[in-house]
Amino acid sequence: MSLQNDITTALKEAMKAKDQVALESLRAIKSELLLAKTSGNAEELTEADEIKILQKLVKQRKDAAAIFTEQNRSDLAEPELAQAAVIEQFLPKQLTEAEVEAIIATIISEGNFSGMQAMGQVMGLANAKLVGTADGKTISTVVKKLLTA
């Protein structure tokens, strides 16, 4: 697993640099990966599984930062955003909304989908095609926009 090797290497570098934010972030990643590995599934973690775990960790950090910002606690929001930035380094490059829209438009036209009743089918195909490169909220927003247009 190259991700675990990358995390271990980055963890060593963060320890040498005494970078506390990176250390916390990398330890969280390592912990989640270990938890997923030992959760009872006999299978090895696939790259898609690892990406989902990383996306979940980033989403948790961003959600926490948003809550802290709403409560005027920027002292707590900043470390969460910094950790999210460290974790995002291990994710594939995220597509822009325009790129996501183009891919979903292709999926819709190839499958001759129309109307909101096709949303589930389009979401399934889009999530499979865009795994790791776009978050579910963006995909959902674009699918709704294109199916109602």
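No experiment lies behind these values; they were computed from the predicted model shown.

J.: Explain helix α4 (residues 74–88) to me, using residue names and the numbers behind them.
T.: The first and last C-alpha atoms of α4 sit 21 Å apart over 15 residues, in line with the 21 Å expected at 1.5 Å per residue. Looking at α4, one finds that the buried residues are Ala77, Gln83, Ala84, Val86 and Ile87. Buried residues belonging to α4 abut α2 (20–37) and α3 (47–70).

J.: So what's going on with the nonpolar core? Which residues, and what values?
T.: In this structure, Leu26, Ile29, Leu54 and Phe90 are the most contacted members of the largest nonpolar core, which totals 21 residues. Listing elements by their share of this core, those giving two or more residues are α1 (2–17), α2, α3 and α4. When residues no more than four places from it in sequence are discounted, the contact partners of Leu54 are Leu3, Ile29, Ile87, Phe90 and Leu91. Of all hydrophobic cores here, the second largest spans 16 residues; its members include Ile107, Phe113, Val142 and Leu147.

J.: If you had to explain the side chain of Gln83 to someone new, which residues and values would you point to?
T.: Within the secondary structure, Gln83 sits in helix α4. Apart from residues lying up to four places away in sequence, Gln83 is in contact with Val21, Glu24, Ser25 and Arg61.

J.: Lay out the pattern of salt bridges in plain terms, naming residues and giving numbers.
T.: Following the criterion strictly, the structure yields five salt bridges and no others. A salt bridge links Asp75 to Arg73; its shortest N-O distance comes to 3.1 Å. Classification of Arg73 as partly exposed rests on a relative accessible area of 36%.

J.: Tell me what's going on with α3, and back it up with residues and numbers.
T.: Its 24 residues place the ends of α3 35 Å apart at the C-alpha level, agreeing with the 34 Å of an ideal helix rising 1.5 Å per residue. Turning to α3, its buried residues number three or more, namely Glu50, Ile51, Ile53, Leu54, Leu57, Val58, Arg61 and Ala65. Of the surrounding elements, those touching the buried residues of α3 are α1, α2 and α4. A positive backbone phi angle near 55 degrees is found at Asn72, which sits one or two residues after α3.

J.: Can you explain the packing of α2 against α3? Please cite residues and give values.
T.: Axis separation between α2 and α3 bottoms out at 10 Å; the angle between their running directions is 135 degrees. For the element pair α2 / α3, the angle class is oblique. By crossing handedness, the relation of α2 to α3 is classed as right-handed. Along its contact with α2, which presents Ala28, Ile29, Glu32, Leu33 and Ala36, the element α3 presents Glu50, Ile53, Leu54, Lys56, Leu57 and Arg61.

J.: Go over unusual backbone geometry with me, naming the residues and quoting the values.
T.: The backbone phi angle of Lys18 is positive, close to 55 degrees, even though this residue is not glycine. Checked against the element boundaries, Lys18 lands in the loop between α1 and α2. Overall, the relative accessible area of 65% leaves Lys18 in the exposed class. Of note in this structure, Asn72 is not a glycine but carries a positive phi near 55 degrees. Within the secondary structure, Asn72 is located in the loop between α3 and α4.

What counts as what
- Residues numbered from 1 in each chain as written.
- Predicted model: local features only at pLDDT ≥ 70, side-chain atom pairs only at ≥ 80, totals over all residues.
- Heavy atoms only, no water.
- Helix = DSSP H or I, 4+ residues; strand = E, 2+ residues; numbered from the N terminus.
- Expected span 1.5 Å × (residues − 1).
- Buried < 20%, exposed > 50% of the residue type's maximum accessible area, 1.4 Å probe, protein only.
- Contact = heavy atoms within 4.5 Å.
- Core = buried A, V, L, I, M, F, W, Y, C linked by side-chain atoms within 4.5 Å.
- Salt bridge = Lys/Arg side-chain N within 4 Å of Asp/Glu carboxyl O.
- Axes fitted to C-alpha atoms, helices over the stretch in contact; angles between N-to-C directions.
- Parallel < 35°, antiparallel > 145°, perpendicular 65-115°, else oblique.
- Left-handed = near helix turned anticlockwise from the far one by under 90°.

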